[in-house]
Amino acid sequence: MASATFYTRVDDALKNKALGAAMDSATKRLVAGRQAGMAAFPEAETVRDHARAIRAHTIGQLGGYLRQFEAAVRARGGHVHWAQTAEQAVAIVADIARQHDVRRAVKSKSMVSEEIDLNAALARAGVDVLETDLGEFVVQIDKDHPSHIVAPIIHKSRHDVATSFRALGATDEDLVDVPQMTAFARRLLRAGFFKADMGISGGNFGVAETGSICICTNEGNGRLTTTVPRVHVALMGIERLVPTLSDLGVMLQLLGRSATGQKLTVYTNIITGPRRSGAHGASGGERAAAAVATDLSTDAASGAEADGPEHLHIVLVDNGRSGLLGGELAEILYCIRCGACLNVCPVYQQVGGHAYGSVYPGPVGAVLTPGLRGLSGWEELPQASSLCGACREVCPVRIDIPRMLLSLRAESTRLALTPAWVNSGLWLLGRLAERPRMFRAAQTLAARATRLVARNGWIRWLPGHLSAWTRERDFPAFASRTFMQRWERTRR
Amino acid sequence: VSQLPPGAAPAARPTRVQLLVTCLVDSLFPDVGFSVVSVLERLGIDVDVPAGQTCCGQPAFNAGSFDNARAMARHLIDVFGASDLPVVVPSGSCGDMVIHQAPALLADDPVYAERARRLAARTHEFTAFLVDVLGVRDVGAFAKDRVAYHAACHGLRGLGLDRQPRELLDAVTGIERCPLDEEETCCGFGGLFSVKMPEISGSLLSRKIASIERSGADTVVATDVSCLMHIAGGLKRRGSAIRARHLAELLDERRATSGE
C-alpha cells in the first residue's frame, strides 16, 4: 500500500466494485443512523456548541490540563508516560511489557496504536498481541489495515469475513449468519483474554480533574481488556483531555450519536486508577457515572477500587500534535474521533479509507495527517476534496475542516507542491481579472477557439491538462457574445 | 440593506441593485444573467451592471492561491464599492466568496479590510435577495417541466440557503417536483478539483447523474452555474435529454398567454 501513489490507490478503489458496494451500504447506514440519532435529540445544537467550547478551552490550555491529569493519575496509583514520537511511544510500551514479564497482550481498539505501528514493535519485542475488537481482529488475521477510524472493516463484506474465518477453522455452521460468526470470534477471543498478561487500550477521553480515562466500545472487549490482565496500558493522544467529569458527559452525548446514532455506546468505561484498597473499603461492582463523579470529586485519592488490573500505565502520545497548537490547524485537535465526517464525505464514500494511504482517512485525516507528518508526501490529501462542506455540517464539535483544507492548499502553493500549470493558470486569471479590457479580449479569444471545435455548443475534447475534464464530461463553448457585450449593446 | 429574519417585512425595500453577473454566467451562460435581470425588473428592481467586473477570485481561493484571490477580490471591491447599492449575485460560490472569504482574506489589509466587510454586508445571493430581502416567494413563474432540485454546496452550506431556493421553486405554477434521493450531495465539481482529481470528481458526477435519472425529472435546477455546467457536461456526454438550468431561468418562464 505504501509504495503505490495516491492516484493509483484511487484508481484501484474506483475500479473495485465490491468495495464500492460495501462503502455505499455501510456509509448510508451510518449517515442515516446519525441523522435519526440527532433528530431524536432536541438539544443537539446547544450541546454541540457546548462541546465545541469545552474542546476549544481544553486545547487552548492543554499544558495545564495535561499536568493536572498526570498528577491525578499518579495520586490514584497509576503511571503516566510521555512519548514525544511514535518511536518513543512503542519503546515505552515494550519496556512496560518487559518490566512485567509480559508474553501475551490483548488489545482493544486504538487508532493511536495504529498511528505508532505498535503491533509490529511488540512482535519484535517478543510480545504476542491479539486484537479483540471484532473489526480489528479481522484486520489482524487478514494482515490488512483499518479503513475507518470507528468501523475498521467498513471496506469488507460479510462474505469477505467468512472467508477469513474459514482459514481459522470456522465450519459452515459457524458461518451461517452474522451472530454465528460473532460467536465463533468470541470463542477464540475469550480464550485470549484469560491467557493475556497485559491489556492495551486506547482512550476516548481523559478527565483532567480525576485522572480517569473513558473507553467507549460496543462489544465489551474494552472492558475485558482493561480488567482481566494484570497490567493495563492505555494509549492516548495528548489532545484527548476534557477538564471535568461533567464535561465528559457533554462529549458522551455526542460521540455515539455522531458515530452511529446510538445515545451511548453499549459499553462506556470510566477507569480511575488500578485496583487498590483505601480508607472507604472496597466498593465492588459497577457504579454509575454519577456515583463515580461524587466519589471522585469529594474524596479523590483515598478512594478504593476493588476491580481492575494491578498496574495501570497511561502513555500520552504527542507525535506531532503539540506542533499544531496555536497554529491554523489547531482546531483539528478538537476532534473526538466519531467518524461522522468520513461517513458523510462523498469522496470518502467513493474511494474508501485505504486510498488516503494514511492511518486517519477522510476529511479529518486529510487535515490531521499533513498536520502531524508535514505536507510533503501527503500533498494530495487536502486536494482530494470538492470542499462541499458536508464534514463541517456533521462534526459534533463543528470543526471547520474545509477552512483547514484551504490553508493546507495555500501552504502547498507556498511550498511549490501544487502543479506549475495550476499556479500559472491562476496567475494569468488574476492578471486578466484586474484588467477588464484584457479579460474581455481573452473571453473573445476563448469564444472563437471553443466555437471552432464545439458541436451544438459542447466540446468533447480539450487539450493538455484540461483533457481531464473532457475524459468524464463535455465542456460548454464560450458564448459568442458575453453577457457584458449584450448588456452594453441593449441597455446602455 | 441587511439580511432580514425570515418573514420579516423589509424596512427599506431596495429599488435598485448592482448585478455581479459572475464570470461563468458572463462567459458561458449569458442567458442566465438576462433571466436574473428580468426577474428582478419584474419585481420593480432596477439593475445596474458595473462595467469593470470580471472574476471574484473564487477559483484562486479554492485552489489555495490566496495572493491571486486577494488581487481579484480587491478589483471586485473597487468595481462594486463605487456605489453603495446592494449587490445581487446568482451564485452561492461567488456569493460565499464575496460575503465570507474576501473579508477573511483581506482582514489585515489597511485599505480593503473595511471595504470588503461593507461590500459583504450588502451582497446577497439571488434567491436570498428575493426571499429574505424582498420577501417574495411567488414571482409569477409558470413552467411545465418535471423538475429535480440540486442543492449546490456553497449556497447550502456556505450561505445557509436551504429554504430560499426551495420556496421559490415550490411557488412555480405548473411544474412537477421530482425530489432527488441525494439532493444535498455534492456533484463533484469543486473548481479545479474536477481537473486535478478527475477520477474522483467523475465518479461523484456519475452518482449525481444516476440520482437525477432515477428521479424521473426532465430538468435539473440549481442556483450555481458551476455545478450546472458540470452536471450538464455529464448529461451531454451520456447523451441524456435532461436539461440543466439555473433557477433564475425557470423563474423567468411565463405563461405565453399571460398578456404581459
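Parameters at a glance
Residues numbered from 1 in each chain as written. Chains lettered and ligands numbered in written order. Predicted model: local features only at pLDDT ≥ 70, side-chain atom pairs only at ≥ 80, totals over all residues. Heavy atoms only, no water. Helix = DSSP H or I, 4+ residues; strand = E, 2+ residues; numbered from the N terminus. Expected span 1.5 Å × (residues − 1). Buried < 20%, exposed > 50% of the residue type's maximum accessible area, 1.4 Å probe, protein only. Arc of directions from axis to C-beta. Contact = heavy atoms within 4.5 Å. Pairing = 2+ DSSP bridges. Axes fitted to C-alpha atoms, helices over the stretch in contact; angles between N-to-C directions.

Caption draft 1: Structural detail: helix 19 (residues 420-434) of chain A. The terminal C-alpha atoms of helix 19 of chain A lie 21 Å apart, and with 15 residues this matches the ideal 21 Å at 1.5 Å per residue to within 8%. For helix 19 of chain A, the full list of buried residues reads Val-422, Leu-426, Gly-430, Arg-431, Leu-432 and Ala-433 of chain A.

Caption draft 2: Broad picture of helix 3 (residues 44-60) of chain A. Residue and element names in this part refer to chain A. Taking 1.5 Å per residue, 17 residues should reach 24 Å; helix 3 reaches 24 Å between its end C-alpha atoms and fits that length. Turning to helix 3, its buried residues number three or more, namely Ala-44, Val-47, Arg-48, Ala-51, Ile-54, Arg-55, Thr-58 and Ile-59. Relative to the axis of helix 3, the buried residues are bounded by an arc of 125° and lie together on one face. Structural note: helix 3 exposes Thr-46 and Gly-60 on the side pointing more than 90 degrees away from its buried face. Turning to helix 3, the residues buried within the fold contact helix 2 (17-39), helix 4 (62-75), strand 8 (241-242), helix 12 (245-259) and helix 17 (390-394).

Caption draft 3: Layout of the sheet that holds strand 4 (residues 198-201) of chain A. Residue and element names in this part refer to chain A. Spatial ordering of the open sheet is given by 1-10-7-4-2-3, a layout of six strands whose pairing is parallel. Both edges of this open sheet fall to strand 1 (79-83) and strand 3 (128-131), since each of them pairs with a single strand only. Looking at each pair of strands side by side, their axes are set apart by 20° on average, direction ignored. One ladder, built from three bridges, connects strand 2 (residues 104-107) with strand 4; its direction is parallel. If you follow Lys-107 over to strand 4, its bridge partner there is Ile-200. Lying over the sheet, helix 4 contacts strand 1, strand 7 (231-237) and strand 10 (311-317), oriented at roughly 145° with respect to strand 1. Across the face of the sheet, helix 5 (residues 86-99) comes into contact with strand 1, strand 4, strand 7 and strand 10 while running at roughly 145° to strand 1.

Caption draft 4: Region of interest: the side chain of Glu-239 of chain A. Residues and elements named next belong to chain A. Residue placement: Glu-239 occurs in the loop between strand 7 and strand 8. According to the relative accessible area criterion, Glu-239 is buried, its value standing at 1%. Setting aside residues no more than four positions away along its own chain, Glu-239 makes contact with Arg-55, Ile-59, Leu-62, Arg-321, Leu-333 and Arg-337.

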